[in-house]
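Chain by chain, the residues:
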Amino acid sequence: TTFTAKIGGTSCPVTSTAHNSGLWSVVCTAPNLTDGLFYALQLTGSFNGSLFTDTEQNAIYYADITAPNITAKTKQDVQPGNNVTITVNATDNVGLSFANVTVIYPNLTNTTFAMNNITNNTFSLTIANLTVIGDYDLIYRVVDTSNNTAVGTDFFEVFLSRSFTGIHYFRKFS
């Protein structure tokens with residue numbers, strides 16, 4: 001008696017078989033396939049010169065081990081008293097669950113905010129009435145439905161606009 005196995009149409013080399021109490025145990029080495037998907041399992045056995053094949057759809061699940069991919073981050077520098085909207089876009093092979101952003105303030109304190117899910121791939125947060133002048137560092141965390149995580153960084157600035165006017169004199173030295 002011999003067996004062949006396929007997962008998702010790709011060969012799964014049989015490494016051992018055992019027959020016990022009328023049941024067969026067939027062990028094969030799973031092929032390298034895309035994670036986060038279900039695959040059909042096909043088993044073919046040769047018994048006394050006859051071939052028997054059975055296929056079970058969606059029998060094998062390759063666990064999602066791929067982290068999301070942050071594809072874009074947007075924010076704007078603002079003057080004191082204004083709001084800043086922070087947006088992050090990400091993709092994932094299975095699906096995104098949530099995103100948050102840790103804001104590190106100019107005085108080095110920090111707060112983590114849950115971001116609003118705008119679309120399946122876009123998360124956004126508006127921080128209102130920023131008054132402290134300086135750089136605000138951002139640490140994005142995007143998590144997929146299997147708890148795989150992507151991390152990205154960025155920053156924005158709260159600044160005072162200054163205008164300079166006057167006369168500039170050039171003095172020529174000989």
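Definitions and cut-offs
- Residues numbered from 1 in each chain as written.
- Predicted model: local features only at pLDDT ≥ 70, side-chain atom pairs only at ≥ 80, totals over all residues.
- Heavy atoms only, no water.
- Core = buried A, V, L, I, M, F, W, Y, C linked by side-chain atoms within 4.5 Å.
- Buried < 20%, exposed > 50% of the residue type's maximum accessible area, 1.4 Å probe, protein only.
- Helix = DSSP H or I, 4+ residues; strand = E, 2+ residues; numbered from the N terminus.
- Patch = residues over 30% accessible without salt bridge, like charges linked within 9 Å, V, L, I, M, F, W, Y side chains within 5 Å.
- Areas by Shrake-Rupley, 256 points an atom, 1.4 Å probe, with all protein chains shown as cover.
- Salt bridge = Lys/Arg side-chain N within 4 Å of Asp/Glu carboxyl O.
- Lys, Arg positive; Asp, Glu negative; His and termini not counted.
- Charge placed at Lys NZ, Arg CZ, Asp CG, Glu CD.
- Phe/Tyr/Trp six-rings, centres within 6.5 Å; stacked < 30°, edge-to-face > 60°.

> Before we go on, may I ask you to explain the nonpolar core in this structure?
In summary, soluble globular proteins display a tendency toward joint burial of nonpolar side chains. Counting 23 residues, the largest nonpolar core has Val88, Met115, Leu130, Tyr140 and Phe156 as the members making the most contacts within it. For this core, the elements supplying multiple residues, two or more each, are strand S8 (82–91), strand S9 (96–104), strand S12 (122–130), strand S13 (134–144) and strand S14 (149–158). Core analysis: the next-biggest nonpolar cluster, separate from the first, contains 6 residues, Ala5, Ile7, Leu33 and Tyr62 among them.

> How should a negative patch on the surface be read in this particular structure?
Taken together, the side chains of Asp77, Asp135, Asp137 and Glu157 present a region of like negative charge at the surface. The residue Asp77 is located in the loop between strand S7 (69–74) and S8 in this model. By relative accessible area, Asp77 is classed as partly exposed at 42%.

> Can you help me understand the packing of aromatic side chains in this one?
To describe a pair of aromatic rings, one takes the distance between the centres and the angle between the planes. Per the stated rule, a full pass over the model turns up 7 aromatic pairs. For the pair Phe3 and Phe47, a centre-to-centre distance of 5.7 Å together with 80 degrees between the ring planes defines the contact as edge-to-face. Of this pair, Phe3 sits in strand S1 (residues 2–7) while Phe47 sits in strand S5 (residues 37–47), and the two are 44 residues apart along the sequence. Classification of Phe47 as partly exposed rests on a relative accessible area of 27%. Geometrically, the ring pair formed by Phe47 and Phe52 is tilted, given 5.8 Å between the ring centres and 55 degrees between the ring planes. Judged by relative accessible area, Phe52 falls into the partly exposed class, the value being 48%.

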